[in-house]
Protein chains: 2
Amino acid sequence: MDKTRIARNATSPRQGAQAIRRALAVLRILAAGREDGVPLAEVIRAIGLTRPTVHRIIHVLIEEGIVERHERTGRYAVGNQVPELALARPRPSRLLIAANPSLQRASTEIGDTLFLTVRTGNDTLCVDRRIGIYPIQVLSIEIGARRPLGVSSAGVAILAAVPAQDARKIVAANEKRFEAYKTDVATVLGEVTAARRLGYGLREIGLVQGTKSISTWIKTPDGRPAAAITVSAVRTRLGPRREQEVAEILLREARSIEQAIGG
Amino acid sequence: MDKTRIARNATSPRQGAQAIRRALAVLRILAAGREDGVPLAEVIRAIGLTRPTVHRIIHVLIEEGIVERHERTGRYAVGNQVPELALARPRPSRLLIAANPSLQRASTEIGDTLFLTVRTGNDTLCVDRRIGIYPIQVLSIEIGARRPLGVSSAGVAILAAVPAQDARKIVAANEKRFEAYKTDVATVLGEVTAARRLGYGLREIGLVQGTKSISTWIKTPDGRPAAAITVSAVRTRLGPRREQEVAEILLREARSIEQAIGG
DNA sequence: CTCGTCTTGTCCATAATATGGACAAGAACG
DNA sequence: CGTTCTTGTCCATATTATGGACAAGACGAG
């Protein structure tokens, strides 16, 4: 019985909740600041709203216990009521359970640091990490680390698995945030295209000096990429030959995880 | 109709974010439903708003990934983006770390099931559980269980440690929700008064048939109760003599935890 | 010290938003 | 095939959230 319907799928069509959406956008920005949080000015920059609006939203969230302010620094961070609400869900998540054996296998096989990263909105979020046996490990990325889709090899891999048009939209939406990571729309789109051709995501110049990362994407049964597995190592550990080996292991385990969440 | 003269210091005074507050209130109600979630009608009942408003809020939260709808049942539950946001915080929390040795000690000493419960708004939330060695254990309450302050012995204990006036306000605010737990304002206030006299919270008739619970409160350095430790056991295991013993252990450990979070 | 340049916080007229009464439609039951 | 549940939608309008302008505090330089 639907007649003339305005595009329901493109962007969020539901009216009458601007404030709620804005509050959540603020919260996601604060989440990217992890424990240390984010100063107000930076939130304003990232979200593109006016100072009074952002200020009011944050302070209401503080009153509600959703946001905390650090006494020392004045920065705003995710409050302790958020994990309290999270307790309503079963832990660990299905993905974590499904990925566990694969991460175990790949970690012992490869020996370098492994990450499991999910897509959440326009961000990547590291949800699991395995440290390998090789004495030099890249540990810069911790569980909970959140970055704009596109700046990490995991983000590039996930974008490569998204329909090209959607990928472009996501990258465009993250444009403002790329500056902080010293990249830009064109670079990211180039990397995404390369990853699509290669079959896996690659970052020759990692977020940390002298490291290199390889990521493969994991799709849900409906064909949308939900996550990525990544190996990070010092660059010399990942020459062309070993890159090939590692990529094959990651591809194998990505398929294995897809099986586990699909069946 | 300008009767906006509500106490400015007691409850949240900040204006201009009604929708955000409402959305969070909805989310807390959904959190009480844990994995199974809550039907829309029940949310409406619990929150006292109109159907269109609640409906709109929930569906916006779904679009944002904060709420999920279960395909089968049609119930609404906390979505997977909530734990994702929670990853921004250090885990486990300071309280959990501080309480750990006490729970360990008390658990081996007592042998019955132990709970650590925090206050969050007008709710109690179970955040840790230890199973004892005695063969019959009360396992009905799981980590993440959320109930109105006042219906569990932990809630009674926390209310007993709050200034009487505040306790009355909280209980009044929870009035509508008490029905579902077969209690009422008068009963709860009576139990709170009794707990204040005794020095610990007590529930002769537990939420589960034939069980009994004892709870002691834990205050933060600024004197406000933040949590409670509870022992639950089949009633026959907690006669007057043993009640005394158990209460003493719980009181001792409550003080110990207060030390740990205070220093 | 005074100015400049950061930052965060507040006021309030008003435009825009969120509200809820009324209605619709589907499901389960007898 | 009505009754009574449930969830979902519309839209005029009054309540709400908005943001321009201003304030105030912190810090450093001259």
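Fair warning: this is a prediction, and the values are worked out from it, not measured in the lab.

Residues and elements named next belong to chain A. Strand β3 (residues 113-120) sits mainly inside the fold: seven of its eight residues count as buried. The sheet contact formed by β3 and strand β8 (residues 225-234) spans six bridges and is antiparallel. Its bridge partner lying in β8, Thr-113 is registered against Ser-232. Looking at chain direction, β3 and strand β4 (residues 123-130) are connected through seven bridges and run antiparallel. Looking at β4, one finds that Val-118 is bridged to Leu-125. Here β3 folds back onto β4 in antiparallel fashion, the turn holding two residues, of which Gly-121 has a positive phi close to 60°.

The next point concerns the relation of the copies chain B and chain A. One copy of the chain maps onto the other through a rotation about an axis plus a displacement along that axis. The two copies are related by a screw operation: chain B maps onto chain A through 180° of rotation and 0.0 Å of translation along the axis, at an RMSD of 0.1 Å. Put plainly, the chains are arranged around a two-fold axis. No C-alpha of chain B approaches the rotation axis more nearly than that of B:Ile20, which lies at 2.6 Å. A shared interface surface links the copies, since 100% of the contact residues of chain B are contact residues in chain A too.

With that out of the way, let us pick up the protein's contact with DNA strand D. A:Arg56, B:Gln18, B:Arg51, B:Arg69 and B:Tyr76 are the nearest of the 21 residues found near DNA strand D. When atoms of DNA strand D within 4 Å of the protein are split into backbone and base, the sugar-phosphate part holds 63%. Of all the secondary-structure elements, those providing two or more residues to the surface near DNA strand D are α1 (18-32) and α3 (51-63) of chain A together with α1 (18-32), α2 (40-47) and α3 (51-63) of chain B. Counting residues per element, the surface near DNA strand D draws most heavily on α3(B), which supplies four residues. Of the residues belonging to the surface near DNA strand D, the class tally is eight nonpolar, seven polar and six charged.

Residue and element names in this part refer to chain A. As assigned here, chain A comprises domain 1 (18-85) and domain 2 (94-262). If you average the C-alpha positions of domain 1 and of domain 2, the two centres end up 27 Å apart. Listed as interface residues are eight residues of domain 1 and, on the opposing side, six residues of domain 2. Summing the contributions of domain 1 and of domain 2, the shared interface buries around 540 Å²; its carbon and sulfur component is 46%. When the area that domain 1 buries against domain 2 is broken down by residue, the three leading residues are Arg-28, Ala-32 and Arg-34, summing to 62%. Joining domain 1 to domain 2, the criterion identifies zero salt bridges. Linking domain 1 with domain 2 are one residue pair in polar contact (both at pLDDT 80 or more). Those elements giving two or more residues to the side of domain 1 that touches domain 2 turn out to be α1 and α2 (40-47). The residue makeup of the side of domain 1 that touches domain 2, split by class, is four nonpolar, one polar and three charged.

So, on to the UniProt feature "domain: HTH iclR-type" (unreviewed entry) in chain A. What UniProt calls "domain: HTH iclR-type" (unreviewed entry) maps, in this numbering, to residues 17-80 of chain A. In the segment residues 17-80 of chain A, helix accounts for 56% and strand for 9%; the C-alpha atoms at its two ends are 24 Å apart.

Taken together, 20 residues are adjacent to DNA strand C, and A:Gln18, A:Arg51, A:Arg69, A:Tyr76 and B:Arg56 come closest. Sugar plus phosphate: this is where 62% of the atoms of DNA strand C within 4 Å of the protein reside. A:Ala41 has a polar backbone atom sitting 3.1 Å from a phosphate oxygen of DNA strand C. B:Arg56 is positioned such that a nitrogen or oxygen atom in its side chain is 2.6 Å from a phosphate oxygen of DNA strand C. Listing elements by their share of the surface near DNA strand C, those giving two or more residues are α1, α2 and α3 of chain A together with α1 and α3 of chain B. Ranked by residues supplied to the surface near DNA strand C, first place goes to α3(A) with four residues. Here the residues of the surface near DNA strand C sort into eight nonpolar, seven polar and five charged.

The rules we used
Per-chain numbering applies: the sequence of each chain, read as written, is numbered from 1 onward. Key to labels: chains lettered from A, ligands numbered from 1, both in the order written. The model is predicted, so local features are restricted to residues of pLDDT at least 70 and side-chain atom pairs to those at 80 or more, both for listing and for counting; the totals for chains, interfaces and linings are taken over all residues. Each side-chain value is worked out from all heavy atoms of the structure, with water and hydrogens disregarded. Think of it in three bands: with a 1.4 Å probe and only protein chains considered, a residue is buried below 20% of the maximum accessible area for its type, exposed above 50%, and partly exposed in between. A run of H or I in DSSP becomes a helix once it reaches four residues, and a run of E becomes a strand once it reaches two; helices and strands are each numbered from the N terminus. A pair of strands is labelled paired if DSSP reports no fewer than 2 bridges between them. Only residues with pLDDT of at least 70 in both copies contribute their C-alpha atoms to the least-squares superposition of the copies. The contact criterion used throughout is that any non-hydrogen atoms of two residues lie within 4.5 Å. What makes a residue near a molecule or strand is one non-hydrogen atom of that residue sitting within 4 Å of it. The nonpolar class holds Ala, Val, Leu, Ile, Met, Phe, Trp, Tyr, Cys and Pro. Asp, Glu, Lys and Arg form the charged class, and all remaining residues, Gly among them, are polar. Domain start and end points were adopted from an automatic or database domain assignment. A simple way to read buried area is as the amount of 1.4 Å-probe accessible surface that goes missing from two parts once joined, with both sides added. A side-chain nitrogen of Lys or Arg and a carboxyl oxygen of Asp or Glu constitute a salt bridge if their distance falls within 4 Å. We call two N or O atoms a polar contact when they sit within 3.5 Å, provided that within protein one can donate a hydrogen and the other can accept it, with sequence-adjacent residues counted only if both atoms are side-chain atoms. UniProt positions are given in the numbering used here, feature names are shortened, and annotations may be inferred rather than shown by experiment.

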